[in-house]
Amino acid sequence: MISRPLGAQAVAEFVVAVSLRLSLSSPGRGAREVRAALRGVQSVLGLDHCAFYRVRRQSGRMEQMYAASRLGLRKLPRLLDARGLFPWLFSQTVQQGRVVHVGSVDRLPPSASTDRSNYTIWGPGCLLVIPADIPRDACYQLILVSPHRPLRWSAAKIRQLQVLAAGLAGAMCRDRIESERLDALRFERLLCGSMGPVADDAHEEVDQRITLALNEVQSLTNVDHVGLFCVNPGSREAYVSHAAHSTGIGRPAGATPDYAAACPWLYQTIVSGNRAYSFSRPDELPPEANADRLFLRAHGIRSGLLIPLATHGCVQHVLALATKRREHAWPTRLVERLRGLSQVCGIALQGKHAADATHSAMRRLADLQRIAGVGIWEYDAANGRVELSAQSVATLGKPIESLADWQTLILPEDRGRARAAFEAALLDPATEHRHEYRIASPVGTVRDIEQQVRTAYPSSGGAARLQGTLKDITESKRCKQELDELRRQVRHADRIAQTGVLLASLAHELSQPLTAIRSNAQAALRFLAAEALDPSEAKDILSDIIADNKRATEIISTLRRAMRRQDAERELVDVGDIVLEVLRLLHTELVDHGVQTTAECQPGSYAIVSRTQIQQVAVNLIVNAVEAMQTVTAGRRHLQVTVARAEAGSLRMIVRDCGVGMSQADLNRAFDAFWTTKPSGTGMALPVCKTIVELHGGRIWAEPNDGPGCAFFVLLPAAAPPGAVDAAGDR
């Protein structure tokens, strides 16, 4: 049943009373008063509907704030596209601010054809639209829909209803302002209370605080999902690092989407373009964002807000809010507040990531120090304190805090050298100083320490800082001593291995002088028995005996030098003479193997070397060449040995054979220990040669011949002949 409308006076009194209540309503109670006023207007005027809408000027979106309807009637829609459905009404009321009274759909002007086709949204009765202009991005409209029979709206009644609409709008604005004030206060509390102390907190609490802040944002904005994305623009990777969800919605199910591929337009706009973007419904996205629109609809997203956070111009985080249950508006002030929150979260995460990276680097550095056995330390000259890494503490045996404590660990006889190294580093900051000293460990053992130190000056000025490394070299020094001893033993063993060859040559070489001595002695005895020994002839016989004796003695001395274990001292010798001496020793061996030998030794090929060691190199290379020619037909085995001065103050020895030769791969491995191509070989002769040559500052290598066989080259530093040294001294 439709109530009978009141008279003009009663309507005027009612409007004044309602307007007064609205103007006196306290902030936060405006919504209640607006609902009561709409119910009163609907009842007093006998209307089908009395609704209060907010219309956005830019988008034309029309949102119902409150409404009162007669029982039994279909309710008016909550959301409308006013610009699209009612362009004529939108122009008249929103853009021009006019009151529009439509008695029936037939009374709409011809230019309102679109409005006419959608008029049934309001029902069959007449329509009165009263705008209440608010100087912001939206305006309010009081919409009255009368019964089937039209009502008369006098100018006075319309003015009264305009006052009522302004009162309704004022109450809503006061509520909105109060709501914004409370929201601002809650955001300030959120920033100061939840996120403010992050910079001072332990970095492991950052994740927890960010999650709490996102839960607060979800509660403040009443959205369904709030998430903080981590973005890597280089790999186009994006994933949710922190999230909050409304009750009953929960975390989205399924695998994590590839957001860059699923929403290319949004990714380009937000991440690449570094621009915030919001939408109240997916249809608001531009046509080129069709893939994004399909993804949002597939996941039930109805509204969204995405705010990028850039560091040095590169977006690394995105704060995202989304709704599923209803559409949501995103006021500019809310976006700005959320932008501030996202910046705080981003700064906190950057600090956490930096701290995590620092801690990780420190752990890796500590692990590397432990693996390498090298500790680091720093001395601050301003306060005299020493800071040690964990490995440095382990190296020294206990923590120390000053150089004085350090000195007490060093053995007394090494303290002066260690102190001098510290002082030298302070006086010469451009050089790194290395020295060794010994310390007494807490368990009483003596340990060798290698230390490197340099001086650093802070960029901001101030006292110098000594920085350095520590390494316990006790074990490495012991191993080096053992290695040196093993090398001497290997060289000696190799010399002994050649003893068989040398003894065979020795027996042959000694047989000649000994036979000559015997022959001369027997001749002397015969002459004496015949009493026919002439004094001059006796003198010749005795001279021959002495010469042959000297020759035998030299042969034996050469063998003794070759077999002597200790290395001989270095002396100025002619390397060509050493090679000729070795060839004489190996003469029998060479003849027995059918090897024809050519020796070209340039006189004056002097070098300061160990005669015994260079003799060993020559023996090893010549014997190796002889063995390489075993499969060559007799009569074609030719050995060529050359000693001559080379360029750049050096001399060169070449041992060239015509054997089977070696491949380039074998030549590259020829000097590796225990590597050999001979079934009965030990693989030590050539490595020993390399060790001896390098100890003399030289170089040894092998090359294939143009024909069969290969050649071994030895390059040694040359020395001036004795005469040249004396002449230089005279000058």
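Our subject is the structure listed above.
Residues numbered from 1 in each chain as written. Predicted model: local features only at pLDDT ≥ 70, side-chain atom pairs only at ≥ 80, totals over all residues. Heavy atoms only, no water.

So, helix α11 (residues 332-372)
Here is step 1 of the chain: Over its 41 residues, α11 extends 58 Å from the first C-alpha to the last, a length consistent with the 60 Å expected when each residue adds 1.5 Å.
Here is step 2 of the chain: Positive backbone phi, approximately 70°, marks Gly 373, located one or two places after α11. (Helix = DSSP H or I, 4+ residues; strand = E, 2+ residues; numbered from the N terminus. Expected span 1.5 Å × (residues − 1).)

Quick notes on the pairing of strand β15 (residues 446-456)
Here is step 1 of the chain: The element β15 is extensively covered by neighbouring structure, given that eight of its eleven residues are classed as buried.
Here is step 2 of the chain: Of the strand pairs in this sheet, strand β14 (residues 433-440) and β15 are connected by eight bridges, and their pairing is antiparallel. Paired with His 435 across the two strands is Gln 451, which belongs to β15.
Here is step 3 of the chain: Where β14 folds back on β15, the antiparallel hairpin that results is connected by five residues, among which Gly 444 adopts a positive phi of roughly 95°.
Here is step 4 of the chain: Inspection of the sheet shows β15 paired to strand β16 (residues 465-472) by eight bridges, in the antiparallel sense. Across the sheet, the residue bridging to Ile 449 is Asp 472, located in β16. (Buried < 20%, exposed > 50% of the residue type's maximum accessible area, 1.4 Å probe, protein only. Pairing = 2+ DSSP bridges.)

Describing the sheet that holds β14
Here is step 1 of the chain: Read from one edge of the open sheet, five strands run β13-β12-β16-β15-β14, paired in antiparallel fashion. A single partner strand is all that each edge strand has here, and the edge strands are β13 (385-388) and β14. Put simply, the sheet's adjacent strands are angled 25° from each other on average, direction ignored.
Here is step 2 of the chain: Each of β12 (374-380) and β16 touches α11; the most contacted strand, β12, lies at about 120° to it.
Here is step 3 of the chain: Along the sheet, helix α14 (residues 412-427) contacts β12, β14, β15 and β16; its crossing angle with β14, the most-contacted strand, is approximately 150°. (Axes fitted to C-alpha atoms, helices over the stretch in contact; angles between N-to-C directions. Contact = heavy atoms within 4.5 Å.)

Focus: the side chain of Gln 218
Here is step 1 of the chain: Within the element layout of this structure, Gln 218 appears in helix α7 (residues 206-221).
Here is step 2 of the chain: For Gln 218, a relative accessible area of 12% corresponds to the buried category.
Here is step 3 of the chain: Dropping the residues within four chain positions of it, Gln 218 is found in contact with Val 223, Val 226, Ala 244, His 245 and Ser 246.

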